[in-house]
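# Close look at the chain arrangement
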Amino acid sequence: PTEKDDLKKESKGRGKCKEVFGYPISIFFIIVNEFCERFSYYGMRAVLVLYFKYFLRWDDDLAISIYHTFVAFCYLTPILGAIIADSWLGKFKTIIYLSIVYAIGQVAMAVSAIHDITDSDRDGSPDNLTFHVVLSMAGLLLIALGTGGIKPCVAAFGGDQFGDHQDKQRRTFFSVFYLCINGGSLLSTIITPILRAQDCGIHSKSKCYSLAFGVPAALMAVSLVVFILGSGMYYKTKPEGNIMLKVSKCIGFAIKNRYRHRSRKYPKKEHWMDWAEEKYDKLLIAQIKIALRVLLLYIPLPMFWTLFDQKGSRWTLQATTMDGNFGSIVIQPDQMQTINPILILTLVPIMDSLVFPLIKKCGLHFTPLKKMTVGMILAALAFVCAAVIQLQIDKTLPVFPSASQSQLKFLNMGNTPITVEFPENQLNLAAAQASEEYFKFESDQITVLIGNPPVSKIVSLTKGQRQTLLIPSAINDEWQLASDLIYKPQEGNNEIRFINGMSTPVTVSSAAGHYGEIEPLHYSNYSEIKNGRATFTLQSGSQSCEYSKDFGFGGSYTFFIPSTLTFGPNCQESITESVDIKPNSVHMALQIPQYFLITAGEVMFSVTGLEFSYSQAPSNMKSVLQAGWLLTNAVGNFIVLIVAEIAKLPKQWTEYILFASLLVAVSIIFSIMASFYTYIDPTAIEAEFKKKVHDDEDDEDDKKKELQKSKEMEKRDSVSSDDEDKKYVQTSM
């Protein structure tokens, strides 16, 4: 059978599956598969950077570096997946095998987040971090291979299920398909942060990263099972060879051949790709030339993705230092990412049906490349907004002592006001009150004077530490130094402790935990407590009372129980509160403008960029441009690592400004490149080229026929001449 016969056979096989409302039943399995897979990927990715920081206890820079390395690999592996599917296994088997790899990776991530496996001392945190790091890195590698490998296959496999008579249904399928991508992303970024914020564990409680990774793993398993269930209904094409490999070989041959003929004695070619004409078809070379014109414009594009993908890393970490209280609901830092898919679903139809037509009516020639330039500018403005917010956050953050300094706060545990004198300062403290701020000292020891006549004591301080000096009511009694926190409480939680100023032991407990029995003139350790209202029960002997407080995010508090405390309903007023570290006061809602700008930029840049690439690409070069587009995303994530490593800026807001400035510079370069680009119709050019080749072939055939005819005539003339010679000879004889 000829190639045309095979194509006819294939086209007859398409669209033969049972239909529901004109759609093949098989595509419903593919849509459910895609929704579950996208839920799995985005759900895991939403909490990933917080898992690195709080579970594996990495610093911000390392957490962000590994996060962006993972994302980069997720955008590199689709090229590998496309080659495997087109050249070896076919789309169906590639999706099956790599989905299994994907599911194993998700399970590995879920297991790596179970702290009880290595929590031998049962304090709620893993003891052997090496085990968890190795398992999570192996899991991420498998996930990157799986999600990237199936990315180019699923949509194309869905398109294969439709026959030539189902063009309308095919278009609707792709619309629903991309709706499922955003729907899965939206739901997962709402649900998995909620799961992460729960406390779970076998022997001790900790943030439930295992559940936050476990649910996406379960969804990936469901995705795989659903896809396999539809196996008997799918139309499966055979591997036909990958165009990317053919294009790479053609370009490689052209470069090699050009290098061989670099001497001046060889005539110049119009285009360097023309050096491949010795081995490759002229139409393929012409198509590669068109694709290369578009790929040249891709060179500046990675910088956009450098900024865009930081919404899942830097912006999430920024949200951990903000107030997520929205009244009746509390938003987790990693839930702020849900704004992106919500705005995508809102802005795409608004842009297409309102904004772009309005610009066109105004007589402005808003070309795709101009839209992409505007998208870059919007992304840069989003980072300027992030920098402004970071400046506001920095004003609220505590300044901890350096290695050569110490900080000290004073607490009057007595029932009468006192005056405290220390180097270059004097402080009046009311009864049962602490100083509002910490005082900074460079020396190891300071002299403190209290009372009249003054009682003098030398206090030894610890460098690099914050401490509170507990001044008893009887000045001559022992003075104690309590160590305070030198870090901001993690994950938006609060840290609290109680100081007992009474002469009898006091037991403090709450629904969140038990703080133990506090001896007279002593203090408890810091304990973690979530945001919201908390009620504490104070008990001394048979007497008890309750104390309640509303907590925000990221604060540290010391509660002082005075000796004058009267147990009963009014004890709330007697307990003194001292704020050691102020809670987050910059509201998370202030991140909405930067999310709006980055999403508007994505619509202008990404959606338009794909549309432009497809409209300017030859018919058989769509996958080549898709690979190039994904490659820009991967390179963009690597740029995050390079810039952050080279710059090493001390303030986060300066890094935001640096990235914004780089994108503005790149957008100017891109706009200059775009001004030299001429829009073409690849289909018309291909048709014209094919016609020209066909005409040339016809001319060649005509020449061959004429040559053949002339040869035949010569042959006849030769035969005729021989006959006449014979006749002449016979006559002569």
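Nothing here was measured: the structure is a model prediction, and the numbers come from that model.

About the criteria used
Residues numbered from 1 in each chain as written. Predicted model: local features only at pLDDT ≥ 70, side-chain atom pairs only at ≥ 80, totals over all residues. Heavy atoms only, no water. Patch = residues over 30% accessible without salt bridge, like charges linked within 9 Å, V, L, I, M, F, W, Y side chains within 5 Å. Areas by Shrake-Rupley, 256 points an atom, 1.4 Å probe, with all protein chains shown as cover. Salt bridge = Lys/Arg side-chain N within 4 Å of Asp/Glu carboxyl O. Helix = DSSP H or I, 4+ residues; strand = E, 2+ residues; numbered from the N terminus. Pairing = 2+ DSSP bridges. Axes fitted to C-alpha atoms, helices over the stretch in contact; angles between N-to-C directions. Expected span 1.5 Å × (residues − 1). Buried < 20%, exposed > 50% of the residue type's maximum accessible area, 1.4 Å probe, protein only. Contact = heavy atoms within 4.5 Å. Parallel < 35°, antiparallel > 145°, perpendicular 65-115°, else oblique. Left-handed = near helix turned anticlockwise from the far one by under 90°. Nonpolar A, V, L, I, M, F, W, Y, C, P; charged D, E, K, R; others polar.

## Here's the deal with a nonpolar patch on the surface
- On the surface, a nonpolar cluster with roughly 760 Å² of combined accessible area is contributed by Ile377, Leu381, Val384, Val388, Ile657, Val664, Ile668, Ile672 and Phe676.
- Within the residue set of the nonpolar patch, elements represented by two or more residues are helix H14 (368–396) and helix H17 (652–675).

## Considerations on the sheet that holds strand E19 (residues 532–540)
- Pairing in this open sheet of four strands is antiparallel, and the strands run E17-E16-E19-E20 from one edge to the other. Since the sheet does not close on itself, it has two edges, and those belong to strand E17 (513–518) and strand E20 (543–551), each with one partner. Across the sheet, the mean angle separating the axes of adjacent strands is 15 degrees when strand polarity is ignored.

## Quick look at helix H13 (residues 339–361)
- Helix length check: H13 (23 residues) gives 31 Å between terminal C-alpha atoms against 33 Å at 1.5 Å per residue, within 8%.
- Buried within H13 are the following residues: Ile339, Asn340, Pro341, Leu343, Ile344, Leu347, Met351 and Phe356.
- Check the buried side of H13 and you find it contacts helix H7 (167–197), helix H11 (302–308), H14 and helix H15 (592–616).
- Residue Gly363 follows H13 closely and has a positive phi angle near 85 degrees.

## What about the packing of helix H5 (residues 91–112) against helix H6 (residues 129–160)?
- Axis separation between H5 and H6 bottoms out at 7 Å; the angle between their running directions is 150 degrees. Taken as axis vectors, H5 and H6 run roughly antiparallel relative to one another. As H5 runs across H6, the sense of the crossing is left-handed.
- When grouped by side-chain class, the residues that make up the contact of H5 with H6 number 19 nonpolar, eleven polar and two charged.

## Structural notes on helix H2 (residues 26–46)
- In this model H2 runs 31 Å from its N-terminal to its C-terminal C-alpha over 21 residues, within 8% of the 30 Å that 1.5 Å per residue would give.
- Among the 21 residues in H2, 17 count as buried, and that is most of the element.

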